Amino acid sequence: MAEPTRPVPDRADRTRWDVQGLRAFAVLAVVVYHLWPNRVPGGFVGVDVFFVISGYLITRHLLREQVATGRIALGAFWARRAKRLLPGAALTLLATGTAVLVLVPSTLWGQYGRELIASTVYLQNWQLASDSVDYLASDNDPSPFQHFWSLSVEEQFYIALPVLLVVLTAALRRTRGHSPVRTARLLLGAVVVLSLVWCVVETRTAPGIAYFSTATRAWEFALGGLAASVLTGPPRSRTTAAVRTGGAWLGAALLVASLWTITPATPYPGTAALLPVVGATLVVLLGGRSGLAVLGRWAPVAGLGRISYAVYLWHWPAVVLLPIVTGHSLGTRDKVAILVGSVVVAALSTRFVEEPLRFSARVSALRPRRVAVWGVLSTLVVVALGAATLGALQVQQAQAAAYQRSLEDGDVPCFGAAAGVGTADPCTDPRLADVRVPVPSAAGSDDVNRYACWSNTTPDFNVCRLGPSTGYTRHVAAIGDSHNNALLSAYAAIAEERNWRIDVAGHVGCYLTTAEQQAPSDAYTASCDGWKQAAFAWVRDHPDLDALVVTHAATKSPVIVPEGSTNEATVVDGLVGAWRNATDVGVPVLAIRDNPVARNDVLTCLGRMTGPTTDACDSPRTAALSAFDGSAEAVARLGDRAAFVDLTDRYCSASTCPAVIGGVVVHRDPTHVTATFATTLAPYLGDALADALGEVRG
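This text gives an overview of the structure that appears in the document. (Residues numbered from 1 in each chain as written. Predicted model: local features only at pLDDT ≥ 70, side-chain atom pairs only at ≥ 80, totals over all residues. Heavy atoms only, no water.)

On strand β6 (residues 589–592), burial covers both faces: Val589 and Ala591 on one face and Leu590 and Ile592 on the other are all buried. Direction of pairing for strand β5 (residues 547–551) relative to β6: parallel, over a ladder of three bridges. What sits directly across from Leu548, in β6, is Val589. Here β6 pairs with strand β8 (residues 642–645) via four bridges, running parallel. When the bridges of β8 are listed, Leu590 appears paired with Ala643. (Buried < 20%, exposed > 50% of the residue type's maximum accessible area, 1.4 Å probe, protein only. Helix = DSSP H or I, 4+ residues; strand = E, 2+ residues; numbered from the N terminus. Pairing = 2+ DSSP bridges.)

One pass over the full model with this rule turns up seven cavities of 30 Å³ or more. As a volume, the largest cavity reaches approximately 100 Å³. Surrounding the largest cavity, His483, Leu487, Thr551, Ile592, Arg593, Asp594, Asn595, Asp646, Leu647, Thr648, Tyr651 and Leu681 form its lining. Of the residues in the lining of the largest cavity, the class split is five nonpolar, four polar and three charged. (1 Å grid on protein atoms, 1.4 Å probe; cavity = no way out; pocket = protein on both sides within 12 Å on 5 of 7 lines; lining within 4 Å. Points joined across faces, edges and corners; volume = space filled by probe spheres on them. Nonpolar A, V, L, I, M, F, W, Y, C, P; charged D, E, K, R; others polar.)

Right, let's get into the nonpolar core. Among soluble globular proteins, nonpolar side chains are generally buried collectively. In terms of nonpolar packing, the biggest core is built from 94 residues, with Leu22, Val104, Tyr112, Leu161 and Val284 touching the most fellow members. Apart from the residues lying within four places of it in its own chain, the contact partners of Val104 are Ala99, Trp109, Tyr112, Leu321 and Ile324. Residues Cys464, Val549, Leu681 and Ala692 belong to the second largest nonpolar core, which totals 48 residues. (Core = buried A, V, L, I, M, F, W, Y, C linked by side-chain atoms within 4.5 Å. Contact = heavy atoms within 4.5 Å.)

All right, on to the packing of aromatic side chains then. By the definition in use, this model includes 14 aromatic pairs. For the ring pair Tyr33 and Phe44, a centre distance of 5.4 Å and an interplane angle of 65° mean the geometry is edge-to-face. Pair noted here: Tyr33 is in helix α1 (residues 17–35) and Phe44 is in the loop between α1 and α2 (46–69), with a separation of 11 residues, a long-range link. Using a relative accessible area of 17% as the deciding quantity, one classes Tyr33 as buried. Here the aromatic cluster, defined as three or more aromatic residues joined through ring pairs, consists of Tyr33, Phe44, Phe51, Trp149, Phe157, Tyr158, Tyr211, Phe212, Phe221 and Tyr268. Sitting above the plane of the Phe352 ring, Arg351 keeps its charged end 5.1 Å from the centroid. (Phe/Tyr/Trp six-rings, centres within 6.5 Å; stacked < 30°, edge-to-face > 60°. Lys NZ or Arg CZ within 6 Å of the ring centre and 35° of its normal.)

Have a look at this one:
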């Protein structure tokens, strides 16, 4: 976050109290949004305000140095930034990382450990951008380190801006009319234009990346930097003073308006970010002699502005970790405690850690090289903590994997789906009473999907072939979204055991339907639509198939309901329209009902469990199967050219859908089954498909 200013006596007071008030506004907006999002739906724009402040202050500092000395001392500049930012960040990361190891279930160690390391080296924004387009990580819950994404973007700006100014100054040094201010304006103006255009494009095509990308956020810093290049001395007339004051208050009004006109549903940053960014820029440009400065001098506002960086650092880990510790969502008392506690801890860390180091004569006397050494050492300490988290997780997972292999290779008749929890004759083995494989901390990655059979962000129709190339007794194709490909291990076992050839193809969030599906971006829609058309063409080109096997997530990528229709009718019409591409060329359709869904915290819940498995993490059957699947209704519409396959009795009893069945963890996230459970499902899925083939071929 932008660097607070330490109060100084009035007779030498050069503090920008309007900026101090702006910091207080920004951090309060973010914290209140995190605690009470419905009260301030656009509170996340506080981060954009910090970006503008950082751009303004850092550019002003660099230009002053460049004008005064003719150069920018890069080492000294970065050393000052390290002395200001590293102590608070390192302390927060160490404290939070330790709390993760002590308080958090091991199911979250993998994600948290990676994000701890990414935050420490200021690459958290790119870690989150990568996760936003990774279908395995797209359902990750927020980590206690997630807020470091904005600090990562700022650090990248602190590295890039002075380097670019030095390079551009050297290139333009001999040109006519050259000056540091003009050079900065040229550079920052170009960044504003290019980054803003890219921001608008990326928000439409890849919103997950756009939110975290440095390239889409650079214009916010640059606009603040442009404001720093404008000299605003004392107004020479009342008119000028009135215009400046009006502009400053207009900026404040834009900021307040953004808290309610922008919501989490707004495509962001995109053009919507202009509202808070322009508002903040007007304040830093014109607010120095306005009533905003008077407001910023008010002790509560000035105090909050002073500790705003620390408040931002400390509040978010509490928001994430407290529900994990207590086992329930945040209540009003919890939220008030977090708000007050964050301010208290921030005040203490600012007073006794950050400011003593920042203003220490001994620390100030350190050469940049010595500061770099201490910075590297502190970074290595925190990275080691993240590596220890991942290392402990690896040991735990390796032990569990070895145990799992011994179970799979042994004679355990009730293992996994063989338990038949919803059948007339369920199977129980006392040896599995306290078994939970894969270990919950590894269940999230228990997926054997192959990119040879998968399309993530492109319309390419990729097909992988399971089973023999020749001499097979049945040839079927299994096509759908990630719920289809989650069954890949089952399809592979069926192909091997029954001498079938099974061609598998899938696309993230996209399945065989002629209905329009909701999508996060235009690019995603284009990718999905192109893949569907390729899938339809492939099916029509393979009339020799014994069957087309289809399944889809009932809870993901819902269809867009046309006016005058219903969701149920739209779902069924879309399935029927798509499946007729197969039945019209003589290929029957076998539709598998979607698997039940689990509770959102199923793996975290299982990670806390010790001893024998209980029903504490199970889901009521009515909730797990509440989403409308539509496959049975679509099959009925197609008549004897289609059959319905329902394996619910392998997932659920009459009242519940267990989180662990026959010693096997069923879900790797709330909607996808683990590859281990899918493998145990193979004999029953194979029998059901064979029976269904008999129906449609008979």
